[in-house]
Amino acid sequence: MKRKVSKNKIDFSVPENYFSDFDKRLESSINTSEAIPKATGFKVPDGYLDNFGDRLWNKIDQNKSSVRTSKIRRLYAMSSIAAILILGFIIMKPKNTFATDQSEELTTFDINTYIDEGFINLSTYDIIETFEGVSLEDIEMADPIPREEIIEYLNQNNIDNYTLTVE
Amino acid sequence: MQDNIVIKELKSSTTQEKAFKTLVEKYKERLYWHIRRIVLDHDDADDVLQNTFIKVYRNIQSFNEDSAIYTWMYRIATNEALSFLQKKAKFYDATSDELQQKMLENLRADTYFDGDEIQMKLQEAIATLPEKQRLVFNMKYFEELKYEDMSSILETSVGALKASYHHAVKKIEMQLTKL
């Protein structure tokens, strides 16, 4: 009696996923031109991709603090503008609109004394905003700070925060 | 980790950082090569890749999951790379074609390119293609993306992409066999 052998049950095997990946491999072969090389010749520096995540995270952290700095600067700028407007309003207001009990006009001496005694506390940001674009040579200082003192201050203080470029 | 889980974690402030790092690890290499083939220069590719991931990080809350995160990131990377080239052209006061020529000149002297003559000719041939065909060719020939994914990334129909790819291959083959 003849044994019936199923055509599908012969003793050959195929690699795992052979049929499931067949379409993909076929498409890839069709899409590959013999005239066009697959290699491009591009290289990356050693370890570039291994360090990428850390460098990216540092940049994100920097951006976060830069955004915070920008917000703080905006707040300072707004406060400065408000202060300047109030001061300007007080100084520029016509005499006849002053309160009736203010019998004497403020003299320049009074204003200077007020500033000298530290009642107006200008922050570094206010100074930067106020004197932006003004040459240092054009600023007249009643009591100039000696050059050595300025250099010593710069050596002892980190001024990087004031020179950040904000987006 | 599966992408849908990563997206969920990215949208929660407590798990965001970890999930983002997972996403970067998973896609950095593929996106790098996608960008590099557009901008050619390694340092430029590095800048664009970083900006791409920063945009992903900032805009993840607005990702509405209509498409896969993978195609969404590819779209951001493509747009970033193309707008980088536009800025570069503006900087050099050059047209898009002039910029491509300049990029090829730089490539010849690039430390991170060690292609032979045929590979250089290939880049020259790719540079002559219109922008869309150039993108389609790179994405299909080298990155072997599916047309459906490319359609989502480039917002172009599958039929149009197939036609673009066919034209691009023919043009490049013609240029290379002229050698």
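### With respect to the overall build of chain A
No. 1: Regarding its fold elements, chain A presents 5 helices and 0 strands.
No. 2: Within chain A, the fraction of its 167 residues that count as buried is 2%.

### Focus: the overall build of chain B
No. 1: A count of helical and extended segments in chain B gives 9 helices and 0 strands.
No. 2: Within the span of chain B, comprising 179 residues, buried residues form 29% of the whole.
No. 3: Counting only contacts in chain B whose residues sit at least 6 apart along the sequence, the fraction spanning at least 24 positions is 55%.

### Re the environment of Ala81 of chain B
Residue and element names in this part refer to chain B.
No. 1: The residue Ala81 is located in helix H4 (residues 69-91) in this model.
No. 2: Sequence-wise, Ala81 and Val39 are 42 residues apart; in three dimensions their C-alpha atoms are separated by 6.6 Å.
No. 3: Beyond its immediate chain neighbours, meaning those up to four positions away, Ala81 contacts Ile35, Ile38, Val39 and Val48.

### Quick word on the nonpolar core
No. 1: Counting residues in each nonpolar core, the largest one holds 42 residues, and the members touching the most others are Ile35, Val39 and Met73 of chain B.
No. 2: Those elements giving two or more residues to this core turn out to be helix H2 (48-92) of chain A together with helix H2 (16-39), helix H3 (42-59), H4, helix H6 (117-127), helix H7 (131-142), helix H8 (147-154) and helix H9 (158-177) of chain B.
No. 3: For this core, the leading source of residues is H2 of chain B, giving 8 residues.
No. 4: Each of domain 1 (1-95) and domain 2 (115-179) of chain B contributes no fewer than three residues to this core.
No. 5: Non-local contacts of Ile35 of chain B, meaning those with residues more than four positions away in its chain, are made with Ala45, Val48, Leu49, Ala77 and Ala81 of chain B.

### Here we look at the interface of chain A and chain B
No. 1: Tallying the contact residues gives 20 residues for chain A and 29 residues for chain B.
No. 2: The element contributing the most residues to the side of chain A that touches chain B is H2 of chain A, with 7 residues.
No. 3: The residue makeup of the side of chain A that touches chain B, split by class, is 11 nonpolar, 7 polar and 2 charged.

### With respect to the packing of H8 of chain B against H9 of chain B
Packed helices, taken two at a time, are described by their axes: the angle between them and the distance between them.
Residue and element names in this part refer to chain B.
No. 1: Where H8 meets H9, the axes come as close as 9 Å, and the angle between the chain directions of the two elements is 100 degrees. When the axis of H8 is compared with that of H9, the two are roughly perpendicular. Contacts between H8 and H9 involve Tyr147, Glu148, Met150 and Ser151 on the former and, on the latter, Val158, Leu161 and Lys162.
No. 2: Class assignment of the residues belonging to the contact of H8 with H9 gives a composition of 4 nonpolar, 1 polar and 2 charged.

### Details of unusual backbone geometry
No. 1: Backbone geometry places Asn17 of chain A, a non-glycine residue, at a positive phi of 65 degrees.
No. 2: Its location among the elements puts Asn17 of chain A in the segment before helix H1 (22-31).
No. 3: The class of Asn17 of chain A is exposed, set by 9 C-beta atoms lying within 10 Å.
No. 4: Phi is positive for Glu65 of chain B, close to 65 degrees, though the residue is something other than glycine.
No. 5: Along the polypeptide, Glu65 of chain B turns up in the loop between H3 and H4.
No. 6: Residue class for Glu65 of chain B comes out exposed when judged on the 12 C-beta atoms lying within 10 Å of it.

### With respect to H8 of chain B
All names here are of chain B.
No. 1: By the burial criterion, the buried members of H8 are Met150, Ile153 and Leu154. Buried residues in H8, looked at end-on, bunch into an arc of 80 degrees, giving them a common side.
No. 2: Of the surrounding elements, those touching the buried residues of H8 are H4, H7 and H9.
No. 3: Backbone geometry just after H8 places Glu155 at a positive phi near 50 degrees.

What counts and what doesn't
Residues numbered from 1 in each chain as written. Chains lettered and ligands numbered in written order. Predicted model: local features only at pLDDT ≥ 70, side-chain atom pairs only at ≥ 80, totals over all residues. Helix = DSSP H or I, 4+ residues; strand = E, 2+ residues; numbered from the N terminus. Buried ≥ 20, exposed ≤ 12 C-beta atoms within 10 Å, placed from the backbone. Contact = placed C-beta atoms within 7 Å. Core = buried A, V, L, I, M, F, W, Y, C linked by C-beta atoms within 7 Å. Domains from an automatic or database assignment. Nonpolar A, V, L, I, M, F, W, Y, C, P; charged D, E, K, R; others polar. Axes fitted to C-alpha atoms, helices over the stretch in contact; angles between N-to-C directions. Parallel < 35°, antiparallel > 145°, perpendicular 65-115°, else oblique. Arc of directions from axis to C-beta.

Everything listed is a geometric property; what it means functionally is a separate question.
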